[in-house]
Amino acid sequence: MAVRWLCSLFGKPFDGGKRMDHGGPQQQQQHPMEQQQHQQQPYYSQHPAMMRLYEVQKEVASLGPQVCTFSGLQNDRDYKRLERELTRLLLEVDQVDTEGKPELQGARKRAAQEVEGLLRYLEENATHPSRLAIEELSNEARRLVDECVVAPQRSGGVAEISDELVDALQEIVLKLTQVKTEARVPLRKARYRALTRMCAVQDVIEGRTQQQTLSLPLSGDTHEAVHCINQVMVKVSVARSQLVALLMGLSGRDSCAHLSRILTEMQVELDALDVSGNAAIRNYRKQVVEEINGLLKHLDLEGEGDDTRRYDLAQNNSIREIEAVRAHVSHLREGVLRHCVMGDLSFRPKAELQSLLTHLDQVDTAKNPCIREARRRAVVEVQAIITFLDLREALARRQPGPSEHPSHRSVWLVLGSLSDLQAQVLGFDGKRADKSYMMLEELLTKQLLVLDAVDPQGDETTKMARKQAVKFAQNILNYLDMKTDEWEY
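For clarity, every value in this text was computed on a predicted model and none was experimentally measured.

Calculation rules
- Residues numbered from 1 in each chain as written.
- Predicted model: local features only at pLDDT ≥ 70, side-chain atom pairs only at ≥ 80, totals over all residues.
- Heavy atoms only, no water.
- 1 Å grid on protein atoms, 1.4 Å probe; cavity = no way out; pocket = protein on both sides within 12 Å on 5 of 7 lines; lining within 4 Å.
- Points joined across faces, edges and corners; volume = space filled by probe spheres on them.
- Helix = DSSP H or I, 4+ residues; strand = E, 2+ residues; numbered from the N terminus.
- Core = buried A, V, L, I, M, F, W, Y, C linked by side-chain atoms within 4.5 Å.
- Buried < 20%, exposed > 50% of the residue type's maximum accessible area, 1.4 Å probe, protein only.
- Phe/Tyr/Trp six-rings, centres within 6.5 Å; stacked < 30°, edge-to-face > 60°.
- Contact = heavy atoms within 4.5 Å.
- pLDDT = per-residue confidence, 0-100.
- Salt bridge = Lys/Arg side-chain N within 4 Å of Asp/Glu carboxyl O.
- Axes fitted to C-alpha atoms, helices over the stretch in contact; angles between N-to-C directions.
- Parallel < 35°, antiparallel > 145°, perpendicular 65-115°, else oblique.
- Left-handed = near helix turned anticlockwise from the far one by under 90°.
- Nonpolar A, V, L, I, M, F, W, Y, C, P; charged D, E, K, R; others polar.

Student: Which residues make up empty space enclosed by the protein, and what values do they have?
Tutor: Space left empty within the atom packing is revealed by a probe, the size of a water molecule, rolled over the atoms. Under the counting rule described, the total for this entry stands at one cavity of 30 Å³ or more. Taken as a whole, the largest cavity encloses approximately 30 Å³ of empty space. At the level of elements, helix H5 (102-126) and helix H8 (185-212) are the ones that each hand at least two residues to the lining of the largest cavity. Sorting elements by how many residues they give to the lining of the largest cavity places H5 first, with three residues.

Student: Tell me about the nonpolar core, residues and numbers included.
Tutor: In terms of nonpolar packing, the biggest core is built from 99 residues, with Val145 and Val288 touching the most fellow members. The next biggest cluster of nonpolar side chains, apart from the first, holds 26 residues, and it includes Val67, Phe70, Leu86 and Ala126.

Student: Now, about the packing of aromatic side chains: what can you tell me, with residues and values included?
Tutor: According to the stated counting rule, one finds two aromatic pairs in the structure shown. Relative to tyrosine 79, the ring of phenylalanine 70 has its centre 5.9 Å away and its plane inclined at 50°; by these criteria the two rings are tilted. We note that phenylalanine 70, like tyrosine 79, is buried. On the basis of an interplanar angle of 45° and a centroid distance of 6.2 Å, the ring pair of phenylalanine 428 and tyrosine 437 is categorised as tilted. Classification of tyrosine 437 by relative accessible area gives buried; the value is 6%.

Student: Pulling in residues and values, what's your account of the side chain of threonine 181?
Tutor: Relative to the assigned elements, threonine 181 resides in the loop between helix H7 (163-177) and H8. For threonine 181, a relative accessible area of 1% corresponds to the buried category. Those residues in contact with threonine 181 that lie beyond four places of it in its chain are Leu187, Arg188, Arg191 and Glu488.

Student: Which residues make up the confidence of the model for the protein chain, and what are the values?
Tutor: Looking at the protein chain, pLDDT values average 81 and 83% of them are 70 or higher. Across residues 209-216 the pLDDT falls below 50, and counting only partners more than four positions away or on other chains, this stretch makes six contacts in the model.

Student: Could you give an account of unusual backbone geometry, with specific residues and numbers?
Tutor: At glutamate 99, a position not held by glycine, the phi torsion is positive, near 55°. Since its relative accessible area comes to 47%, glutamate 99 is described here as partly exposed. Notably, glutamine 457 is not glycine yet its phi reads approximately 55°, a positive angle. Locating glutamine 457 in the fold gives a position in the loop between helix H17 (435-453) and helix H18 (460-483).

Student: Break down the pattern of salt bridges for me, citing the residues and quoting the values.
Tutor: A side chain of one charge can pair with a side chain of the opposite charge if their charged atoms are brought near each other. Across all of its chains, the model carries 29 salt bridges by this definition. The shortest N-O distance in the salt bridge between glutamate 135 and arginine 142 comes to 3.6 Å. Judged by its relative accessible area of 24%, arginine 142 is partly exposed. The shortest N-O distance in the salt bridge between glutamate 323 and arginine 326 comes to 3.3 Å. On the criterion of helical spacing, the pair formed by glutamate 323 and arginine 326 is a turn pair, its members being three residues apart in helix H13 (residues 317-341). A cluster of three or more residues bridged by salt bridges with shared partners is formed by Arg52, Glu59, Glu85, Arg88 and Glu92.

Student: So what about the packing of helix H9 (residues 224-247) against helix H10 (residues 256-271)? Which residues, and what values?
Tutor: For the pair H9 and H10, interaxial distance at closest approach is 11 Å and the crossing angle is 160°. It follows that H9 is roughly antiparallel to H10 by the angle criterion. As for the relative orientation of H9 and H10, their crossing is left-handed in sense. Contact residues: H9 offers Ile229, Val232, Lys235, Val236, Ala239, Gln242, Leu243 and Leu246, while H10 offers Cys256, Leu259, Leu263, Met266, Glu269 and Leu270. The residue inventory of the contact of H9 with H10, partitioned by class, reads 11 nonpolar, one polar and two charged.

Student: For the side chain of serine 71, give the residues involved together with the corresponding values.
Tutor: Positionally, serine 71 belongs in the loop between helix H3 (48-69) and helix H4 (77-94). For serine 71, a relative accessible area of 12% puts it in the buried group. Those residues in contact with serine 71, other than ones at most four positions away along the chain, are Arg131, Pro186, Lys189, Ala190 and Arg193.

Have a look at this one:
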């Protein structure tokens, strides 16, 4: 749904829907009776009712951008404020006295429709299934982090970062990247904010994991400054858990600004230490300072997602690079399929495809999971064409001898069928509900069943060939699934 205020708040001026011409040719050609009726139409721009509607228009103009970028839920304070303001405007519009005049009634109706449209848009985004999915995944991450990191620290213990926690958080991040936003700004913003915070938590936790593997701090007997550095290290450990709690919304009354002041004070305390005469202690202090800087860089996330250029990844330079590669891949794919239809195997742009893989590998993802996923999908598209060309070439070169094992020949027959099916999959541009999709899926599944029925009869070459053919068929199915899952960055 597009909110009309983005283009024109009320669709047309509050003049009863009539345009005032000023002596143009069209006016001169009007019938005298029409001119007389036109002159008798009242002009309502200064009418009290119209003036009040103008005031409503101004308030709608100020609330509109807030509504169209609100990314929270119905229980959020900003949602309730916006809903209250819009409801008040709607009641004021309903109370405007039009005195039964059609022009004023039309203007009031348009004003009411605009306010109602904003109210619907606000509610639709706050209750959208994708928005609820984002919140559910965020809550799942909060529970994990609270149980494994925040709660032990608050009780005076030490948070043990396990591989299970790291893997569970990564799984939630991957699920978040799959949430569809339908190109709605509020949903994009909500997903982006959740992802940035979760990725920041991953970064902090990974830093904690690395620290656990480091050697213990230096002994306090080494130098008088070591004792102070060790004390700061204890404070940094506490601050790390506070940061994780802040990022996941588990901080209570703490704030990023407060934690930033604490970390900055630690830096000042470390800078004041005199360690110039000892290289080992100077290096130890440097490591602690870097640890503090690593935490500070995550404290600007309170306003994260408010910048359209960030959560609208279509404007991201890395995404643009990936899309440019995908456009090139699409062109090469069409060429490959066209030559295959003609039986021409001379068109083999493998070197060009390999260079595209190298280009994709160099794209900067900035640790953004959505950009990583977009790059991964582009890589899969390139690899699908390369494997298709490799199999076509292998089939063309194949010269079976009389001593070839019958089971081995059966596997190659399946590979020939899979090559034809892969050509159809490469050229498929539909949806999962399409009959052609279901047909392709069924035919590929049948080939897997045929491979499953092949008896190698102890022949190792056949075993290896069948294993590779099964993997090849599964890759084609996965590629077909990827092409139709309607993923969006």
